[in-house]
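# A look at the structure
Single-letter residue listing:
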Amino acid sequence: MGHLSHGLLRPGPPSVLTAAANPTTPLGMIMQDRKPVESWLTDMDGVLVHEGQPVPGAPEFVKRLRTSGKPFLVLTNNSIYTPRDLQARLARMGLDVPEQAIWSSALATAQFLADQRPGGTAYVIGEAGLTTALHAVGYVLSDFAPDYVVLGETRTYSFEAITKAVRLINDGARFICTNPDATGPSVEGALPAAGSVAAMISKATGVEPYFVGKPNPMMMRSALNTINAHSESTAMIGDRMDTDILCGLEAGLETILVLTGISSRTEAERYPYRPSRIVNSVADLIDEV
């Protein structure tokens, strides 16, 4: 027993847990035992693009990812657009991202439903990104006793459609939402997003949805499976502590906060969890790929 106690007390390098528990431990030390990064996941808005413009260094970062041959995915909670739509939007900003390297909450939601109830039915509030993804996995879109009500993002939420969703849920349909974001960005300012509409439906039905997108770590795990990557050798780059960093942390990834989007360095310190490290932008990561 004494030998065991002596072994436990033997000094050594700080582990992930001890480093996280010690606020004086530099962020760079927390992940020192991780394997080298072989796969990359990165958020889109606030990391690669900001307010319709590419983040400085982002085109070069994406180019380095492509030439490195390492698996990577660009993630977004936005379920409006198909990967092809997003590829075209990014290309207009000088970001050459292949269609197959884009992973949205719509794709993750479709995969989740296909795993849960193959060949099921759903009443969908959303746009092409969501409906196309559900069709691709063999789902039938129907308002007649559907297995699920699936709520996604749309530019024009219809009161009639929301009312239909409420009644279907009251009749027993299961409630799924692509992402919990309460607001979304626009040139004019904040717009109500899927999370806000979900809250309204929940208030009317007493039923909470299952959110598939970030910060649900399922979004990360489905992305990892898509590119056959492993959590211990994958990094997640994000601009939000409450979605990107939390999601990556809970999925066991190295997490890198960039300061080109929502969360600032000061705000990051207020959270009870920490990113593996903080960098100014993806431009600081080009040489690591």
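Please refer to the structure placed before this passage.
Residues numbered from 1 in each chain as written. Predicted model: local features only at pLDDT ≥ 70, side-chain atom pairs only at ≥ 80, totals over all residues. Heavy atoms only, no water.

Another aspect to go through is the packing of aromatic side chains. If you walk through the whole model with that rule in mind, you get 4 aromatic pairs. Here Tyr271 and Tyr273 contribute two aromatic rings whose centre-to-centre distance is 5.4 Å and whose plane-to-plane angle is 50 degrees, an arrangement assigned as tilted. Accessibility expressed as a relative area gives 30% for Tyr271, which makes it partly exposed. Residue class for Tyr273 comes out buried when judged on its relative accessible area of 15%. The ring of Tyr81 is capped by Arg89, whose NZ or CZ atom sits 4.3 Å from the centre of that ring. Sitting above the plane of the Tyr148 ring, Arg174 keeps its charged end 5.9 Å from the centroid. (Phe/Tyr/Trp six-rings, centres within 6.5 Å; stacked < 30°, edge-to-face > 60°. Buried < 20%, exposed > 50% of the residue type's maximum accessible area, 1.4 Å probe, protein only. Lys NZ or Arg CZ within 6 Å of the ring centre and 35° of its normal.)

Taking strand neighbours across the sheet as the criterion, the 6 strands line up as β5-β4-β1-β13-β14-β15 in an open arrangement whose pairing is parallel. On the outer flanks of this sheet lie β5 (102-104) and β15 (277-279), each paired with one strand and no other. On average, each strand axis in the sheet is inclined to that of its neighbour by 25 degrees, with strand direction left out of account. Contacts between helix α6 (residues 105-116) and the sheet are confined to β4 (72-76) and β5, with β5 contributing the most and set at about 70 degrees to the helix. Together, β1 (39-43), β4, β5 and β13 (234-238) form the strand contacts of helix α10 (residues 217-226), whose direction differs from that of β4 by roughly 150 degrees. (Pairing = 2+ DSSP bridges. Helix = DSSP H or I, 4+ residues; strand = E, 2+ residues; numbered from the N terminus. Axes fitted to C-alpha atoms, helices over the stretch in contact; angles between N-to-C directions. Contact = heavy atoms within 4.5 Å.)

Another point: helix α5 (residues 83-92). Turning to α5, its buried residues are Pro83, Leu86 and Leu90. Seen end-on, α5 carries its buried residues on one side only, within an arc spanning 60 degrees. When the buried face of α5 is taken as reference, the exposed residues oriented beyond 90 degrees from it are Arg84 and Arg92. Of the surrounding elements, those touching the buried residues of α5 are β2 (49-50), β4, β5 and α6. Directly beyond the C-terminal end of α5, a positive phi value near 85 degrees is found at Gly94. (Arc of directions from axis to C-beta.)

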